[in-house]
Amino acid sequence: MSKLIKPSVLAMEKKLVPSNGVMYSCNFNNKDDSKPLKIITKSVRGTISNKLKDSIKDPLKINAEVCKSNLQTVDACSLPVEHDTLKVFFTLKILSNLDSPTACDNPEFLEKYKNLIKYHKDNYSFEELGFRYAYNIANGRFLWRNRVGADEIEIQVKDLTNGKKYIFDVFNYSLRSFPSISDCDSNLKELGNSISQVLSNEVEFINLEINAFVHIGNAQDVYPSEELILDSDKSKKNKKSKILFDFNGIASMHSQKIGNAIRTIDDWYDNSSYPISVEPYGSVTNLNIAFRKPTDKKDFYSLFYRAVNEEMCENKNDSNFIMAMIIRGGVFGDAKEKK
């Protein structure tokens, strides 16, 4: 094949746009009566738990080292005594026009790119992608740690565009794999179809309002997003060792964290055993693993540039991954490295 055509400037806006997830408390049997959750600050006297240096052999020195106080000031958040349920509220906007990049400086590439989107729509459709995004709403993946140890979790979804409402019991939906669409209930099929219609350019956009009710028990801890503490801030006196995120004074989850969960649909990588979030190199930072290494030619850039230039992708799984990356959005140009 001749040399691949690549633009030096190529940018795409994300098509799944979640809000921050705002947290409230209520009772599972009285979901309408809720109140905002606040973050509190507390100071604790912990113990030393890090591994000691191998050079410390003297028992007296060991005693002195491990008995030091580990003083910490941290943020925390929990349900009030009178409430047993965490409510997480956010909105999700799904946008169309996948065939229209925000910026592209190569007209020939842009024409081939548009043909690739059309090829995917005509040959594979966006049904599978719409279904998987809907599935990750129904299974409550976006709750992250708040999902663990709950007796019941109910997800209520309202399509603000047409007024339709859906209710899901998250324990009916797996976190480890995606079933076939034909095996799922009508609510999930309908929600997935609404999303796929937007991705297929049949509908301009939809707005979803999502409420998750997590029955975890009175006064139990809940887990808002944790803010990043930069190295430059660590020298400040009385600095908290953990800072939780609040949105307008209410404990919340970052929109990025919610978006990451909803796009955790990539089980198309080689030897997959569970879905990972859609990323160019299939990176899972907490495991320090890239499941789509450029050396294997299964990363986004290798698949994408070849597919665009051929104006087709004969492998359905690879094509789904390419489309999911376009939906994710980002800056994908092939700018030349500076010498």
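So, here is what we can say about the structure in this document. Here the structure is a predicted model, which means the values were calculated and not measured.

Within the structure shown, the criterion is met by 13 salt bridges. With a closest N to O distance of 3.0 Å, Glu82 and Lys35 form a salt bridge. Placement of the pair is Glu82 in the loop between β6 (70–76) and β7 (85–95) and Lys35 in strand β4 (residues 30–36), with a sequence separation of 47 residues. Taking the relative accessible area as the measure of exposure, Glu82 reaches 44% and is therefore partly exposed. The exposure class of Lys35 is partly exposed, given its relative accessible area of 35%. The partner of Glu279 in a salt bridge is Arg328, and the shortest N-O contact between them spans 3.1 Å. With a gap of 49 residues between them, Glu279 in the loop between β15 (276–277) and β16 (283–284) and Arg328 in helix α7 (residues 316–328) connect regions that are remote in the sequence. Residue classification places Glu279 among the buried positions, given a relative accessible area of 12%.

What follows concerns the packing of helix α3 (residues 127–138) against helix α4 (residues 186–199). The axes of two packed helices give the description: the angle between them and the distance between them. Close contact between α3 and α4 brings their axes to 7 Å; oriented N to C, the two are set at 130°. Judged on the interaxial angle alone, α4 and α3 are oblique. Relative to α4, α3 is oriented so that their crossing is right-handed. Contacts from Glu127, Leu129, Gly130, Phe131, Tyr133, Ala134, Tyr135 and Ala138 in α3 reach Leu188, Leu191, Gly192, Ile195, Ser196 and Leu199 in α4. Of the residues belonging to the contact of α3 with α4, the class tally is ten nonpolar, three polar and one charged.

What counts, and at which threshold
Residues numbered from 1 in each chain as written. Predicted model: local features only at pLDDT ≥ 70, side-chain atom pairs only at ≥ 80, totals over all residues. Heavy atoms only, no water. Salt bridge = Lys/Arg side-chain N within 4 Å of Asp/Glu carboxyl O. Helix = DSSP H or I, 4+ residues; strand = E, 2+ residues; numbered from the N terminus. Buried < 20%, exposed > 50% of the residue type's maximum accessible area, 1.4 Å probe, protein only. Axes fitted to C-alpha atoms, helices over the stretch in contact; angles between N-to-C directions. Parallel < 35°, antiparallel > 145°, perpendicular 65-115°, else oblique. Left-handed = near helix turned anticlockwise from the far one by under 90°. Contact = heavy atoms within 4.5 Å. Nonpolar A, V, L, I, M, F, W, Y, C, P; charged D, E, K, R; others polar.

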